[in-house]
Amino acid sequence: MTTSAETPEAVAGAVTEAVTEAVTAAVTTAVTTAVTTAVTTAVPGTVPAAVRARVPVTLSRVQGRSADLITFHHLPDPGEHFAVLVPAAPADTAPPLVRLHSECLTGDVLGSARCDCGPQLDEALRAIADHGGAVLYLRQEGRGIGLYNKLDTYVLQSQDHDTFAANRMIGRGDDERDYAAAAAMLHALGLTRIRLLTNNPDKVRELRTYGIEITEVIPTGVYVTAENSRYLSAKAELAGHTIALLQEAAA
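Analysis parameters
- Residues numbered from 1 in each chain as written.
- Predicted model: local features only at pLDDT ≥ 70, side-chain atom pairs only at ≥ 80, totals over all residues.
- Heavy atoms only, no water.
- Phe/Tyr/Trp six-rings, centres within 6.5 Å; stacked < 30°, edge-to-face > 60°.
- Lys NZ or Arg CZ within 6 Å of the ring centre and 35° of its normal.
- Helix = DSSP H or I, 4+ residues; strand = E, 2+ residues; numbered from the N terminus.
- Contact = heavy atoms within 4.5 Å.
- Pairing = 2+ DSSP bridges.
- Axes fitted to C-alpha atoms, helices over the stretch in contact; angles between N-to-C directions.
- Disulfide = S-S within 2.5 Å.
- Buried < 20%, exposed > 50% of the residue type's maximum accessible area, 1.4 Å probe, protein only.

Asker: Would you mind showing me how to read the packing of aromatic side chains here?
Answerer: Two aromatic rings are characterised by how far apart their centres lie and by the angle between their planes. In the structure shown here, the tally under the stated rule is one aromatic pair. For Arg 114, the ring lying beneath its charged end belongs to Tyr 154, and the centroid distance is 4.3 Å.

Asker: Can you help me understand the environment of Gly 133 in this one?
Answerer: Position of Gly 133 relative to the elements: it lies in strand 5 (residues 133–138). Sequence separation between Gly 133 and Pro 95 is 38 residues; the distance between their C-alpha atoms is 8.2 Å. If sequence neighbours within four positions are ignored, Gly 133 has contacts with Val 84, Leu 85, Val 86, Pro 96, Leu 97 and Ile 128.

Asker: Just checking my understanding: could you explain the sheet that holds strand 5 for this structure?
Answerer: Strands in a sheet are paired, the pairing made by backbone hydrogen bonds, and the direction either parallel or antiparallel. With respect to topology, seven strands assemble into an open sheet ordered 1-2-3-5-4-6-7, the strand pairing being mixed. Strand pairing shows two members of the sheet lacking a second neighbour, strand 1 (50–59) and strand 7 (213–218), which therefore form its edges. The mean angle between the axes of side-by-side strands here comes to 25 degrees, regardless of whether they run parallel or antiparallel. With six bridges connecting them, strand 4 (residues 97–102) and strand 5 associate as parallel partners.

Asker: Would you take a moment to explain the state of the cysteines for this structure?
Answerer: As used here, a disulfide is simply a covalent bond connecting the sulfur atoms of two cysteines. According to the stated counting rule, one finds zero disulfides in the structure shown. We note that Cys 104 lacks a disulfide partner, and the nearest cysteine sulfur, in Cys 115, lies 3.6 Å from it. The buried category is assigned to Cys 104, whose relative accessible area is 4%.

Structural data, given as C-alpha cells:
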C-alpha cells in the first residue's frame, strides 16, 4: 500500500529539493574556491612564497664566484622571477646587499648603450660576489610593458620623446611594475633586513610596505653614454631617481 508521503508527486518534490541543494552547494563551493584563488594571487603573502629549486652555478662574469639560482612557488604574479644568491662570509655581519633588477634583454644580454641596465647588473653581481646578498632578476621587461612594446617606444624616443611620454603614446603606463613578487622572494629567502642597491625610490617604498626592513639605500653607479643620457635625465627629473652628476659624467 502506498502512503501519501510516497506518492509520485511527493517523491518528485523530494528529488527536486535534493538536486537543488546539491547544485547550490556545488556552486557555492566553486565560487568560494574561485574567490579564494583570486585573493591568494592578488594579495601578497596570503600564501607565503617558498623556494622551488636551488641550483648552484659559477658566475664567469664575476671571476668565477659560486652562487645559487633560486626559483619560487606561490609568487603573487605569473612571472618566472628568480634570485641569484651569494652567502656572505661568516665574518661579514652587515645586512645582505640586494638589488631588484628588472629584466632588460637589450641591455643585459646584448649590451645596448640605450640604457644603463647592463652595467647596473654587472655592478650588482660584483657587489654580491664581494659582500654576499642577492640579485632578484624580475621578468619586467620595459618597466613592465614587455620587449616588443619597449622597442616600439624606442622608435618614439628616437623622434625626441622622453621614455615616459613614449610609453603613454602607445597606451601604456609610465612604469607598470610592482615589487610584491620581489618582497615575497625576500621573505622566502629570510632576507627581511637588507641593504638595497638602487636609485629608484619606488622600490624602497614598496619593499618597506611589504615588511622588508631597509637599513641602507646604496645608489648604483652612473653609467652615461651618448645614447642614454636623455633617458637617464628623464628618470632623474621626472621619476625622482637618485642619479647624480649626469652633466659631469656625460662630459
